[in-house]
Amino acid sequence: MREAMWRGRFLAHAVAFLLLGIAFGTCIDDPTGPTDLSEQDSLAAVVTEPVSANPLGGSAQSMEMGGSVDVPQASVPQEVSYISYPPGSVPEADSIEIFNRANRAMVGAPLADGGVDPIPIPSSVGDTLEITLLRDGDRVASEMKIVPSESPPRVVRTRPRRRQTRVPINSNIEVIFTEPITATSATPQNIRLLEGSRIIPATLIRSWDGTRVEVVPEEFLRPSATYAISLTTGISDLSGGELQQPFSSEFTTVSEGAHLAGAMVFESKRSGQSEIWIMDDDGSNPLQLTRRVAEGGAATGPALSPDGRKVVFSAWPSGEEWEIYLINVDGTGLTNLTSHPAFDGWRPAWSPDGSKISFFSTRDDPANDEIYVMNSDGTGVIRLTENPADDANSTWSPDGSKIAFETNRGGDYDIYVMNADGSNPRPLTTHPADDEWPAWSPDGSKIAFDSWRDGDREIY
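Residues numbered from 1 in each chain as written. Predicted model: local features only at pLDDT ≥ 70, side-chain atom pairs only at ≥ 80, totals over all residues. Heavy atoms only, no water.

**Describing the overall build of the chain**
In plain terms, the rule: Secondary structure elements follow DSSP: runs of H or I of four or more residues count as helices, runs of E of two or more count as strands, with numbering from the N terminus. A contact between two residues is defined here by any heavy atoms of the two lying within 4.5 Å. Here the Shrake-Rupley method, with its probe set to 1.4 Å, supplies the accessible areas, and only the displayed protein chains count as covering residues.
Of the regular secondary structure elements, the chain holds one helix and 37 strands. Within the chain, counting contacts between residues at least 6 apart in sequence, those at least 24 apart form 53% of the total. Of the roughly 20,900 Å² of accessible surface on the chain, 51% is carried by carbon and sulfur atoms.

Next up, the structure:
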């Protein structure tokens, strides 16, 4: 019951933070109003010829020197065109709607980084597509596109993106195309990962719809090295059109023992399941740090160490319990710090000097959350609180002398503060509504938290 409650609270908070992220990401005013992008070729959408919506005949292709495995695919319509915008094309919009005037089909999707990966829509040659770009549901731009009879494949984007730096060495590489490419052309001869002139051994995995290929290196990349994703003109689409010219995109891995002071860590499902990501504090350079640590579950609650070298986070592999993990920012050194059969909560927090990590757990009572602290290597676990109520979500004061946390000792959740050794716990809030998720100001004089005291969640 306790585990189910915390998983429910985790999902509720995840939804809340997603909504906050959307709000923060779409608050820029557009003084110019709607614009017509049809005359701006550099911003125009890419529309492909209609193709079978089941280009792989039921499976994805995974190739390693010619081998293959089957990957389940989704069910889709009969014949579609694909519409895409490269990243940065439409930074003023946060979503897109596409309407086919001929068959009345309509599709929509959120934008990311000012662009969108290929979106299929049922269509035929000559159909008119009305493309509308939106911000907060209001139209900011639009253009009309005629579905062509042929269109050569192009690269929409790569991951990591071109000239990306500080790329974790455990990274996989991905190429996203404007339309499905054939299995016979998605080969190690046409899609290569290079370090200089050296070909890096890797497995190629083509997505179920054929629009993307993942390049999975057989071993970690080297630190402080420059790599290139290299494509030849041998890559072809389902209609026989070929890539018009060779393509190359370079990126550089992080230095050995790298630190990312000033960076932000966050969780995202952009790669398919909840994983830990890193980005610069202006939102640029988003990079995936963890890979399938919690297969079928979730990785969440990341915190960057004070020296910027490590990230602590929680992971919940499907069918297992929450555990606390540690990983270096270069992608190496993944370590399970807790390795305990009990629930170890999903918001670990660093002490200001980086020597200790606090977390909450049910290890001493399966029906009771308590706050614990351990050394940054997982040793020396000490219980800080001992109360029949739930104590959770701890956070250290900037000077390391105190820990704020949330507890329902008064019947509802309130914010408490205690000394770093667990002594002298005292309430900071006593409101009958839930007060949760404390966070210290940099000078330690104030604490921000969220509360339901006005009927919905707000920041106080």
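**Considerations on the packing of aromatic side chains**
Defined as follows: Within 6.5 Å between ring centres, the rings of Phe, Tyr and Trp (the latter by its six-membered ring) count as paired, and their orientation is classed by plane angle as stacked under 30 degrees, edge-to-face over 60, tilted in between. Burial classes: relative accessible area under 20% of the type maximum marks a residue as buried, over 50% as exposed, and values in between as partly exposed (1.4 Å probe, protein chains only). Charge-over-ring placement is defined geometrically: NZ (Lys) or CZ (Arg) within 6 Å of the ring centre, and within 35 degrees of the ring normal.
The full count for this structure, using the stated rule, is eight aromatic pairs. Consider the rings of phenylalanine 405 and tyrosine 416, whose centres lie 5.9 Å apart with planes at 40°: the pair is tilted. Pair noted here: phenylalanine 405 is in strand β32 (residues 402-407) and tyrosine 416 is in strand β33 (residues 414-419), with a separation of eleven residues, a long-range link. By relative accessible area, tyrosine 416 is classed as buried at 13%. The positively charged end of arginine 270 is found above the aromatic ring belonging to tryptophan 277, 4.9 Å away from the centroid.

**A few points about the sheet that holds strand β27 (residues 349-350)**
The condition is simple: Only when DSSP finds a minimum of two bridges between them are two strands counted as paired.
Sheet architecture is open: four strands sit in the order β27-β28-β29-β30, paired in antiparallel fashion. The open sheet terminates on both sides in strands that have one partner only, identified here as β27 and β30 (382-383). In this structure, β27 lies alongside strand β28 (residues 356-361), joined through two bridges in antiparallel fashion. Within β28, the residue paired with tryptophan 350 across the bridge is isoleucine 357.

**Describing empty space enclosed by the protein**
This is how it is decided: Here a cavity is any set of points on a 1 Å grid over the protein atoms alone where a 1.4 Å probe fits but cannot get out, and a pocket is any open set with protein on both sides within 12 Å along at least 5 of 7 lines; a residue lines the site when it has an atom within 4 Å of a point. Grid points are joined across faces, edges and corners, and a volume is the space filled by probe spheres set on the points. All residues other than Ala, Val, Leu, Ile, Met, Phe, Trp, Tyr, Cys, Pro, Asp, Glu, Lys and Arg, Gly among them, are scored as polar; the first ten of these are nonpolar and the last four charged.
The tally for this structure, following the rule as stated, stands at two cavities of 30 Å³ or more. When its volume is computed, the largest cavity comes out at roughly 60 Å³. Around the largest cavity, the lining residues are Thr165, Arg166, Pro168, Leu260, Ile278, Asp280, Asn285, Leu287 and Val329. The residue inventory of the lining of the largest cavity, partitioned by class, reads five nonpolar, two polar and two charged. The space that makes up the second largest cavity amounts to roughly 40 Å³. Forming the walls of the second largest cavity are Arg159, Pro160, Val167, Ser171, Asn172, Leu287, Gln288 and Arg291. Per-class residue counts for the lining of the second largest cavity are three nonpolar, three polar and two charged.

**Quick look at the nonpolar core**
The criterion, for reference: Nine residue types can take part in a nonpolar core, namely buried Ala, Val, Leu, Ile, Met, Phe, Trp, Tyr and Cys, and a core is a set of them joined through side-chain atoms within 4.5 Å.
By size, the foremost hydrophobic cluster in this structure holds 26 residues, and its most contacted members are Phe177, Ile191, Leu193, Leu231 and Phe251. Among the elements of the structure, β13 (173-177), β14 (191-195), β16 (202-206), β17 (212-217), β18 (226-231) and β19 (247-253) are those that each provide at least two residues to this core. Once residues within four sequence positions are removed from consideration, phenylalanine 177 is found in contact with Pro118, Arg154, Val155, Val156, Thr211, Arg212, Val213, Leu231 and Ile235. Of all hydrophobic cores here, the second largest spans 20 residues; its members include Ile83, Ala93, Leu111 and Val116.

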